[in-house]
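# Working through the structure, step by step
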Amino acid sequence: MKHSFLLAFLLVIASLHRAVAQEPDIDDPSSVKAHYKIQKTVTCSNGAVVSAHPLASRAGLSVMKKGGNAVDAAIATQLALAVVYPGAGNIGGGGFMVARLANGKNLAIDYREKAPAAAGRDMYLDANGNPQMNLSQNGHLASGVPGTIAGLFASLKYAKLPFSVLIEPAIELAEKGFEITANEANGLNAYKNAFIKYNSVQPAFVKETPWKAGDTLVQKDLAATLKRIRDLGQKGFYEGETAKLIVEEMQRGKGLISYEDLKNYQAKERTALVFPYKGYSIVSMPMPSSGGVIINQALRMIEDKNIGKMGFASVGAVQLMVEAERRAYADRAEFMGDADFVKVPVKKLTSDAYIKERFSDYDPTKAGSSETTKAGKINPESEETTHLSVIDKFGNAVSVTTTLNGGYGSKTVVGGAGFLLNNEMDDFSVKPGVPNMYGALGTEANAIAPGKRMLSSMTPTIVLKAGKPFLVVGTPGGTTIPTSVFQSIVNVIDFKLSTADAVYKPKFHHQWQPDEIYVEKGFPEKTIDGLKAMGYKVNVRGSIGRTEAIRVLPGGKFEAVADNRGDDAAEGY
Ligand code: GLY
């Protein structure tokens, strides 16, 4: 009797504990320290956030519940990602925000990093003209002037809540700490030696014994930096104490970012790239992102081919999309760069006549060749970027992709300020014809120049149906970003896949050079064999991207899907 009472008591305690573990109070950041779950999909009516980390999605949701809109949520989510997802979430990097506001206005906010004033075209070449890629990829010299904080303040005018409310979850998470996931533990352990090598002030990411899932990561210096930003606004990052810490860090490692570079940094509102596809309207990012133009070209090259009939992942469909990608990426390498510095012929590259002519040599019976398909007549970079998609009940949709470039960026943490700097300088073309860390090529259009923004592939995108948000989508993945966004849109519109299938099904990628199709593990063998029989070289690789999508269902509910390739999580209410 006594035993069965004890057993019942223990069962009740255990079930209470489970309930706490599964249903943390999302409005109380301290509750997330101990327990959180990763929810992959949610269907809801008031607002949804999908991002690379459950605590960041939850930070976004919590500010929406306080009356904020999708822009508020996007700002809070980005700040939280800078704490809980240091591999790519950042305040030391840059990004792009594309939004469709309830009043019908499209936004494209550019907060891409810039080359410091002291940077120069040949800064990564040795005396013999040989590229020293280690310098563009690791350590102090690899960093461009960060843009993220300027971008968040540029977005703030479309938000409803004060910045101090939006940054609070990030400050709590940095100050009190949070339990890391197994993926994060693996990342921090894998980069331990790099953190030691590229830092003279030991960062919070380094500890004696290996990290494991459930360990608490506390970032006091980062919390102090976030508080300066809360109290002083943009100046709390680009001037004063934080600027001093950045410049001192640069001096310790022969980096170039100066006080003037920081003070002069400005985010820019660009005109979103908008184009039609099969009755939908696609809103995406213009230069310095190559992504908007690539998906414009690729979608429109396939538009009249009835790909839906060919079948999802069929040889014919994949071949058609690969040939569109080949041509678009050849144009990327030749023509694209920061349009504030070089003339990028966007109008021509996206004109009906050009698209038609560019695809006129497409042959559905055999593999194309990057030897013969050059750029039309008139770079893969890091995969460690991160994307978030947000929607609210007011009619606003926001798509944001931000990046440090490589995993943990330059690996250099600003001593005393606690945040990682980017290694975005590698997204420039260090020397024409020399591939960057992920194989992307570039020419003069993307050569380094002081104050210039490096070409990006980030493609935050919103698909409109009858003028209203229908699909909010984007992904990290370096040069695979535009091809993943391209596939996600075609998966939904043409193949009529469910949102989950559109995100989860294995993806493929072709970027002109190297002339190979990369397919994700699990891609149908039959299709691979069919493509090989046509003459394509096919390589199986690890996962491609981490797509975060929100679809508006008939009736108006939001269906949010977080990628299952990482800790990505969907939150909604
Ligand atoms: N560093 C990734 C991108 O901007 O494309």
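Remember, it's a predicted structure, so these values are computed and weren't measured experimentally. Counting restarts for each chain, with residues numbered from 1 along the sequence as it is written. Only residues with pLDDT of at least 70 are given local features in this predicted model, and only at 80 or more are side-chain atom pairs given and counted; all residues enter the totals for whole chains, interfaces and linings. Heavy atoms throughout the structure, all of them, feed into the side-chain values; hydrogens and water do not.

The helix and strand labels rest on DSSP assignments: H or I over at least four residues marks a helix, E over at least two residues marks a strand, and numbering proceeds from the N terminus. The topology assignment puts R551 in strand β17 (residues 548-552). Of the side chains with opposite charge, E559 comes closest to the buried, unpaired R551, at an N-O distance of 4.0 Å. What qualifies as a polar contact is a pair of N or O atoms within 3.5 Å, subject to a donor-acceptor requirement within protein and to the restriction that residues adjacent in sequence count only when both atoms come from side chains. A polar contact is formed between the side chain of R551 and the backbone oxygen of L497, at a distance of 2.8 Å. Polar contacts involving the side chain of R551 include one to the side chain of T499, which spans 2.8 Å. For every residue, the accessible area (1.4 Å probe, protein chains only) is compared with the maximum for its type, and the residue is labelled buried under 20%, exposed over 50%, or partly exposed between those bounds. The sign given to each residue is positive for Lys and Arg and negative for Asp and Glu; His and the chain ends receive no count. Salt bridges are defined as contacts in which a side-chain nitrogen from Lys or Arg sits within 4 Å of a carboxyl oxygen from Asp or Glu.

Note on ring pairs: Phe, Tyr and Trp rings are taken, using the six-membered ring of Trp, and paired if centres are within 6.5 Å. Classes follow the plane angle, with under 30 degrees stacked, over 60 edge-to-face and the rest tilted. In total, this model carries twelve aromatic pairs according to the counting rule given. Taking the centre distance of 6.3 Å and the plane angle of 40° together, the rings of Y191 and F195 count as tilted. Judged by its relative accessible area of 1%, F195 falls in the buried class. We note K207 situated over the ring of W211; from NZ or CZ to the ring centre the distance is 5.0 Å. The criterion for a charge sitting over a ring is simple: Lys NZ or Arg CZ within 6 Å of the ring centre, and within 35 degrees of the ring normal.

Right, let's talk about the sheet that holds strand β7 (residues 268-270) for a bit. Strands belonging to one sheet form pairs held by backbone hydrogen bonds; the direction of such a pair is parallel or antiparallel. Strands were regarded as paired on the criterion that DSSP finds at least two bridges between them. Pairing is antiparallel across the open sheet formed by seven strands, whose spatial order is β7-β4-β3-β11-β10-β2-β19. Unpaired on one side and paired on the other, β7 and β19 (569-572) mark the two borders of the sheet. The sheet shows a mean angle of 15° between the axes of neighbouring strands, direction not considered. The pairing of strand β3 (residues 94-100) with strand β11 (residues 397-403) spans seven bridges and is classified as antiparallel. Across the sheet, the residue bridging to G94 is T403, located in β11. Angles here are taken between N-to-C directions and fall from 0 to 180 degrees, while the axes themselves are lines fitted to C-alpha atoms, restricted in helices to the stretch in contact.

Before going further, it helps to examine the nonpolar core. What we call a nonpolar core is a set of buried Ala, Val, Leu, Ile, Met, Phe, Trp, Tyr and Cys residues that are connected through their side-chain atoms within 4.5 Å. Of all hydrophobic cores here, the largest spans 80 residues; its most connected members are L79, I91 and L226. For this core, the element with the most residues is helix α4 (residues 70-84), which contributes twelve residues. In what follows, residue pairs with any heavy atoms lying within 4.5 Å of each other are defined as contacts. If we skip the residues at most four places from it in the chain, L79 touches I91, I149, L152, F163, L166, I167, A170 and L226.

Now for the sheet that holds strand β12 (residues 461-465). What the seven strands build is an open sheet, ordered β1-β18-β17-β13-β12-β9-β8; its pairing is antiparallel. Pairing within the sheet leaves two strands with one partner each, and these edge strands are β1 (41-44) and β8 (273-277). Neighbour to neighbour, the strand axes of the sheet diverge by 20° on average, direction disregarded. Two strands pair when backbone bridges link them, and strand β9 (residues 280-284) and β12 are joined in this way by three bridges, in the antiparallel orientation. Residue I282 lies in a different strand from β12, and its bridge partner there is V463. Sitting on the sheet, helix α14 (residues 291-302) is in contact with β8, β9 and β12, with an inclination near 15° to β8. Across the sheet, helix α19 (residues 480-493) is in contact with β8, β9, β12, β13 (468-474) and β17; its angle to β13 comes to roughly 140°.

This part takes up unusual backbone geometry. Geometrically, the link from M287 to P288 is a cis peptide bond, its omega value of 10° lying close to zero. With respect to the secondary-structure elements, P288 resides in the loop between β9 and α14. For the bond from Q513 to P514, the omega torsion is -5°, close enough to zero to count as cis. Checked against the element boundaries, P514 lands in the loop between β14 (508-509) and β15 (517-520).

A word on the pattern of salt bridges. The full count for this structure, using the stated rule, is 32 salt bridges. Its salt-bridge partner being E249, residue R252 comes within 2.7 Å of it at the nearest N-O pair. Here R252 pairs with E249, and both are found in helix α12 (residues 240-252), just three residues apart, close to one helical turn. The buried category is assigned to E249, whose relative accessible area is 0%. Residue K305 pairs with D304 through a salt bridge whose shortest N-O separation is 3.1 Å. Through salt bridges with shared partners, one network takes in D110, K268, R270, D340 and R453.

All right, on to the packing of helix α16 (residues 315-335) against helix α21 (residues 525-533) then. At a closest axis distance of 9 Å, the pairing of α16 and α21 adopts a crossing angle of 60°. If you check the angle between α16 and α21, you find them oblique. You can see that α16 and α21 cross each other, and the crossing is right-handed. Between α16 and α21, the residues in contact are V315, V318 and Q319 and K526, T527, G530 and L531, respectively. Note that the term roughly parallel is reserved for angles under 35 degrees, roughly antiparallel for angles over 145, roughly perpendicular for angles of 65 to 115, and oblique for everything else. The hand of a helix crossing depends on one turn: near helix anticlockwise from the far one by less than a right angle means left-handed, and clockwise means right-handed.

On to helix α3 (residues 54-65). For α3, which comprises twelve residues, the first-to-last C-alpha distance of 16 Å matches the rise-based estimate of 16 Å (1.5 Å per residue) to within 8%. For α3, the tally of buried residues reaches eleven of twelve residues, placing the bulk of the element in the interior. Within the span of α3, buried status applies to P54, L55, A56, S57, R58, A59, G60, L61, S62, V63 and M64. Where α3 terminates, the next one or two residues include G67, which has phi positive at roughly 105°. Each helix should span, by expectation, one fewer than its residue count multiplied by 1.5 Å.

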